[in-house]
Each structure stands twice: as C-alpha cells, then as structure tokens.
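Structural description and commentary
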Amino acid sequence: LNMNISGIVENASLFIVLSIAAVITKFLGAYLGSRFFKFTRLSATEIGVGMISRGEVGLIIAELGLKNNIISDNYYSTIIASIILTTILA
C-alpha cells in the first residue's frame, strides 16, 4: 500500500463521509437481507456487523484506479484509509 498521509489530511471530510457511508450501507444491506430471509434481529445484526469490513476487493479496485490514473494519489490514500478503518471497526 503506497499511501500518502497528507492526502488523508487534505481530504479529511471525504474520509469521514466515505467511512460513515461504508459502515451504514454495508450494515443495512446485510441486516435487511438477513431479515428478508427470516433471520432473528440478533442474527441479522451479527451478520450486518460482520459484513462491514471492505477488505481486499476494495483494495484491489482502488489499486486499479490508481494505476489507470482514474484517481489521484490523495484520493487513493483516503480510500485506503477508509477501507482500513472499516476493517478495524468490524
């Protein structure tokens, strides 16, 4: 991971928004999907929390975006930091 810490600082608001959106959308998607298939609220919550992590797929996509000049180094660093934070939170 070739990250630039200054990129995260420069895009602090984007980092916060990405992290919050990542946690909420992943949790809600997994929770609602579980409830649809008749899981209990507790089980659906456990599944939702377990799915919060963005992990390797996000890292690969961010890396491809950087290598193909779709995103800048600063945005790449911000995206990677958000992925790391959501993985730690989960």
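Structural notes, computed from the coordinates.

Turning to unusual backbone geometry, a few remarks are in order. Located in the positive-phi region is Lys-38, a residue other than glycine, with phi close to 70°. Residue placement: Lys-38 occurs in the loop between helix H2 (12-36) and helix H3 (41-50). Since its relative accessible area comes to 73%, Lys-38 is described here as exposed. Positive phi values are uncommon outside glycine, yet Asn-69 reaches one of about 55°. Locating Asn-69 in the fold gives a position in the loop between helix H4 (55-67) and helix H5 (73-89).

Here we take up the pattern of salt bridges. Taken as a whole and assessed by the stated rule, the structure comprises 1 salt bridge. Notably, a salt bridge pairs Lys-67 with Glu-63, separated by 3.9 Å at the nearest N-O pair. You can see Lys-67 and its partner Glu-63 sitting in helix H4, 4 residues apart, about one turn around the helix. We classify Glu-63 as partly exposed; its relative accessible area is 27%.

This part covers H4. Helical geometry note: an α-helix holds 3.6 residues per turn, so side chains three or four residues apart project in the same direction. An ideal rise of 1.5 Å per residue puts 18 Å on 13 residues; H4 measures up with 19 Å between its terminal C-alpha atoms. If you check which residues of H4 are buried, you get Gly-55, Ala-62, Gly-65 and Leu-66. For H4, the buried positions fall inside an angular range of 100° around the axis, keeping them on one side. Facing away from the buried side of H4, by more than 90 degrees, are the exposed residues Glu-56, Ile-60, Ile-61 and Lys-67. Where H4 is buried, its residues touch H5. Among the residues trailing H4, Asn-69 stands out with phi positive, at a value near 55°.

Rules and cut-offs
- Residues numbered from 1 in each chain as written.
- Predicted model: local features only at pLDDT ≥ 70, side-chain atom pairs only at ≥ 80, totals over all residues.
- Heavy atoms only, no water.
- Helix = DSSP H or I, 4+ residues; strand = E, 2+ residues; numbered from the N terminus.
- Buried < 20%, exposed > 50% of the residue type's maximum accessible area, 1.4 Å probe, protein only.
- Salt bridge = Lys/Arg side-chain N within 4 Å of Asp/Glu carboxyl O.
- Expected span 1.5 Å × (residues − 1).
- Arc of directions from axis to C-beta.
- Contact = heavy atoms within 4.5 Å.

Functional significance is not addressed by these values, which are geometric in nature.
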